[in-house]
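Architecture and fold: a report
Take a look at the letters that make up each chain.
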Amino acid sequence: QLQLVESGGGLVQPGGSLSLSCTASGFTTTIGWFRQAPGKEREGVSCIPYLGRTYNVDSVKGRFTMSRDATKNSATLEMKNLKPEDTAIYYCAVGTSRNMCVDGRVSSWGRGTQVIVSS
């Protein structure tokens, strides 16, 4: 089981930006971010398979950009124009499914990092 180290997150005003980073202890087919808001189920936000297209949930399209550095087993989620509804705990995740964000087939989870969007 891979170990995941997350960084980033914090408190930001609506319309602001934040960046989340995740580094895995080894190679993974797919790396991505899930989030869980208070009282809601965890959802896949953005995932990048080693080969294939990046997935972004509809609510973040045009605002969040995920990139991957396969040589470093790391990924970054750039979040812009943040909204209060983006407030959640964000979890880095890795797995072998190329559709991990949709099917939820995660092999390892990060500890999570809090993102709060509030004025």
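In the block above lies the structure referred to throughout.
These numbers were taken from a predicted model, which means no experiment stands behind them. (Residues numbered from 1 in each chain as written. Predicted model: local features only at pLDDT ≥ 70, side-chain atom pairs only at ≥ 80, totals over all residues. Heavy atoms only, no water.)

Thoughts on the packing of aromatic side chains
Describing an aromatic ring pair means giving the distance of the ring centres and the angle of the ring planes. In the structure shown here, the tally under the stated rule is three aromatic pairs. Pairing F27 with Y50 gives two aromatic rings, centres 5.0 Å apart and planes at 80 degrees, and the pair type is edge-to-face. With F27 in the loop between β3 (18–24) and β4 (30–36) and Y50 in the loop between β5 (43–49) and β6 (55–56), this pair connects stretches of sequence that are 23 residues apart. Three or more aromatic residues joined by ring pairs make a cluster, and in this case those are F34, Y91 and W109. Across the ring face of Y91, the terminal group of R42 is positioned such that the distance to the ring centre comes to 4.0 Å. (Phe/Tyr/Trp six-rings, centres within 6.5 Å; stacked < 30°, edge-to-face > 60°. Helix = DSSP H or I, 4+ residues; strand = E, 2+ residues; numbered from the N terminus. Lys NZ or Arg CZ within 6 Å of the ring centre and 35° of its normal.)

Observations concerning the pairing of strand β7 (residues 64–69)
Summarising the sheet, β7 and strand β8 (residues 74–79) pair through six bridges and their orientation is antiparallel. Across the sheet, F64 pairs through a bridge with M79, a residue of β8. What sits between the antiparallel neighbours β7 and β8 is a turn of four residues, in which N73 has the positive phi angle 50 degrees. (Pairing = 2+ DSSP bridges.)

Here's the deal with the pattern of salt bridges
Using the criterion set out here, one finds four salt bridges in the structure. E43 is the salt-bridge partner of R35, the closest N and O atoms lying 2.7 Å from each other. With its nearest N and O atoms 2.9 Å apart, the salt bridge here joins K61 to D58. Residue K61 shares its accessibility class with D58, and that shared class is exposed. Put simply, R35, E43, R63 and D86 are held in one network by salt bridges that share partners. (Salt bridge = Lys/Arg side-chain N within 4 Å of Asp/Glu carboxyl O. Buried < 20%, exposed > 50% of the residue type's maximum accessible area, 1.4 Å probe, protein only.)

With respect to the environment of S19
You can see S19 is positioned in strand β3. Counting along the chain gives 88 residues from S19 to S107, while the straight-line C-alpha distance between them is 23 Å. Discounting residues that sit within four places of it in the chain, S19 has contacts with S7, G8, G9, T76, L77 and E78. Separated by 3.3 Å, the side chains of S19 and E78 make a polar contact. (Contact = heavy atoms within 4.5 Å. Polar contact = N/O pair within 3.5 Å; in protein donor to acceptor, adjacent residues only side chain to side chain.)

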